[in-house]
Amino acid sequence: MPQNPGSEVCEVQGRPACGGDPGWRRLLQVLLAWSGGPSSSSMVWQVLEGLSRDSAKRLRFVPGVIYVDEGATCGQSPEDRAKTLAEVKLVLQTTGFPWHIVALEEVFSLPPSVLRCFAQEPVGTESAYKAAVDSFLQQQHALGADGVERQSQHCAQDPHSPAGPPTTAQTQVLSRLFDSVKTLTAKEELLQTLRTHLILHVARNHGYSKVMTGDSCTRLAIKLMTSLALGRGAFLAWDTGFSDERHGDVVVVRPMREHTLKEVAFYNRLFAVPSVCTPALDTKAPEKASIHRLMEAFILRLQAQFPSTVSTVYRTSEKLVKAPRDGCVAGPRCLLCMCTLDVDTADSATAFGAQTSHLPQMQPPVTQAGVAAGPCCCAGMGGGPSCYRGEDPRAQVMEQLCYGCRVNMKDLPSLELLPPYILSEAQIRSQRATAEQEVQEYLLGDSEDEARTGES
């Protein structure tokens, strides 16, 4: 299994993982999100079995596997992380699939375009996402010396270049971000968000149109109850359904949602499916340390007493329909989870409306001469994380979040520790909204147009 030195993207039988051959690119490419756990390992081995010649119904797609190294969030030492990665590579080499190993620290080099929804394009056309990435890299190059300094601070790099192990500075920045979060619940939600963005970026860069996750029936039942407690009830159909189309060009599917953890354990035992045990944020955490741990203990305890608990909760999630309210289909999306903001900000009777009405609205800064400051100096380049046109930076980000993400961000004292692509996209959206509002002031409404027509 040849592999480029220093690269974490492998090649199989002379075929690049991104599909350099045009004929190879016409096939459906699916990225398997593998965490090393039992459920995702079972998913990878079932795909391997489905692609074999002995399979009765052979699968018709080109698979690839991605593993995200999250050791920095758990305080693992570089030696322990290297040992874990060695075990991961041994398991991935047995599959024969193209695989990608990426460190979570790479989220600090993502472009703002990863937070945008792109429509699916016909196979063979130029990807709009890659064009946005190239535009981002050109802007970074055009910044000159300031851009070089910013790249060294935020660890930006070319997403197409071979990725080596994360540096100590990158690990320290990521550790500082998670250490600043107050609660374990917010840490787990932030980790899930950053992991999703990183997987989405890799899938788009390498031409994958589908991403398979190993969420089992038991795990989705726990996730459904957890999402309800976190205020994400409007997005349950996307968070727990079979398919998740919120990203547009990349669809997330959950093929393991029909199997319980007990069934997965029996399958792995009977077919000797290997797995890699790695510590997580909630390892050795008490039952009431987070909402995730509390809901997990609650569901599993009920399942032990009433064996139909998980299936009942799961069947309930199947009845949920992805039908946002009228007028919200093409509306703004959450900055983090990328779901449509299906909330009524004008209704102060709701919890979301009450929070929205109390967001601080700062006036533009005034110069010494008493004149309001002009527009942002870097509006033409997408701006920077520290330039907010006089608005409160925290309020600018918070107003672009859904209710669930807004509650989690309350446990993050300073938003400046977030990856720069999040802050940059927040500023770009704010500038676009301001420009649209200024343009609307010069447009004639229907009533004004009719009045002028009558006068003439």
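Everything below is about the structure printed above this text.
Residues numbered from 1 in each chain as written. Predicted model: local features only at pLDDT ≥ 70, side-chain atom pairs only at ≥ 80, totals over all residues. Heavy atoms only, no water.

**Quick look at the packing of helix α8 (residues 217–229) against helix α12 (residues 309–318)**
Then step 1. Running from N to C, α8 and α12 point in directions that differ by 70 degrees, and their axes come no closer than 9 Å. When the axis of α8 is compared with that of α12, the two are roughly perpendicular. Of the two possible hands of crossing, α8 and α12 adopt the one that is left-handed. Every residue of α12 that contacts α8 at C217, T218, A221, L224 and M225 is listed here: V310, V313, Y314 and S317. (Axes fitted to C-alpha atoms, helices over the stretch in contact; angles between N-to-C directions. Helix = DSSP H or I, 4+ residues; strand = E, 2+ residues; numbered from the N terminus. Parallel < 35°, antiparallel > 145°, perpendicular 65-115°, else oblique. Left-handed = near helix turned anticlockwise from the far one by under 90°. Contact = heavy atoms within 4.5 Å.)

**Regarding the packing of aromatic side chains**
Then step 1. Counted by the stated rule, this structure contains two aromatic pairs.
Then step 2. Each ring, one from W34 and one from Y67, has its centre 5.7 Å from the other, and the planes form 50 degrees; the classification is tilted. Taken as a pair, W34 in the loop between β1 (29–33) and α2 (38–50) and Y67 in strand β2 (residues 62–69) lie far apart in primary sequence, 33 residues in all.
Then step 3. On the basis of relative accessible area, W34 is assigned to the buried category, the value being 3%.
Then step 4. Classification of Y67 by relative accessible area gives buried; the value is 4%.
Then step 5. Measuring from centroid to centroid gives 4.7 Å for Y267 and F271, while their planes differ by 35 degrees, and the two rings are tilted. (Phe/Tyr/Trp six-rings, centres within 6.5 Å; stacked < 30°, edge-to-face > 60°. Buried < 20%, exposed > 50% of the residue type's maximum accessible area, 1.4 Å probe, protein only.)

**As for helix α16 (residues 420–440)**
Residue pairs spaced three or four apart in an α-helix point in one direction, given the helix's 3.6 residues per turn.
Then step 1. Its 21 residues give α16 an end-to-end C-alpha distance of 30 Å, which sits within 8% of 30 Å, the value for a rise of 1.5 Å per residue.
Then step 2. Among all positions in α16, only P420, Y421, I422, L423, S424, E425, A426, Q427, I428, R429, S430 and Q431 are buried. (Expected span 1.5 Å × (residues − 1).)

**Details of empty space enclosed by the protein**
Then step 1. Under the criterion given, the structure shown has two cavities of 30 Å³ or more.
Then step 2. Its volume calculated, the largest cavity comes out at about 70 Å³.
Then step 3. Around the largest cavity, the lining residues are A186, E189, L190, T193, R232, L336, G404, C405, N408 and M409.
Then step 4. A per-class count over the lining of the largest cavity returns five nonpolar, three polar and two charged. (1 Å grid on protein atoms, 1.4 Å probe; cavity = no way out; pocket = protein on both sides within 12 Å on 5 of 7 lines; lining within 4 Å. Points joined across faces, edges and corners; volume = space filled by probe spheres on them. Nonpolar A, V, L, I, M, F, W, Y, C, P; charged D, E, K, R; others polar.)

**Describing the pairing of β1**
Then step 1. Burial analysis of β1 places five of its five residues in the buried class, which makes it a mostly covered element.
Then step 2. Side-chain alternation along β1 places Q29, L31 and A33 on one buried face and V30 and L32 on a second face that is also buried.
Then step 3. Note that the unit made of β1, α2 and β2 has a crossover that is right-handed. (Right-handed = clockwise from strand over helix to strand, strands pointing away.)

**Focus on unusual backbone geometry**
Then step 1. Even without being glycine, A272 reaches a positive phi, approximately 55 degrees.
Then step 2. Under the relative-accessibility criterion, A272 is labelled exposed at 60%.
Then step 3. One non-glycine residue with positive phi stands out, namely K284, at about 65 degrees.
Then step 4. Mapped onto the fold, K284 is located in the loop between α10 (261–270) and α11 (291–305).

**Remarks on the pairing of β2**
Then step 1. In terms of residue burial, β2 counts as a mostly covered element, since eight of its eight residues are buried.
Then step 2. Neither face of β2 is open: one carries V62, G64, I66 and V68, the other P63, V65, Y67 and D69, and all of them are buried.
Then step 3. By the bridge criterion, five bridges tie β1 to β2 in an arrangement that is parallel. Across the sheet, L31 pairs through a bridge with G64, a residue of β2.
Then step 4. Where β2 meets strand β3 (residues 99–103), five bridges bridge the pair, whose relative direction is parallel. Considered in β3, the bridge of D69 is made with A103.
Then step 5. Read from β2 through helix α3 (residues 78–95) to β3, the crossover connection turns out right-handed. (Pairing = 2+ DSSP bridges.)

Bear in mind that shape data such as this cannot, by itself, settle questions of function.
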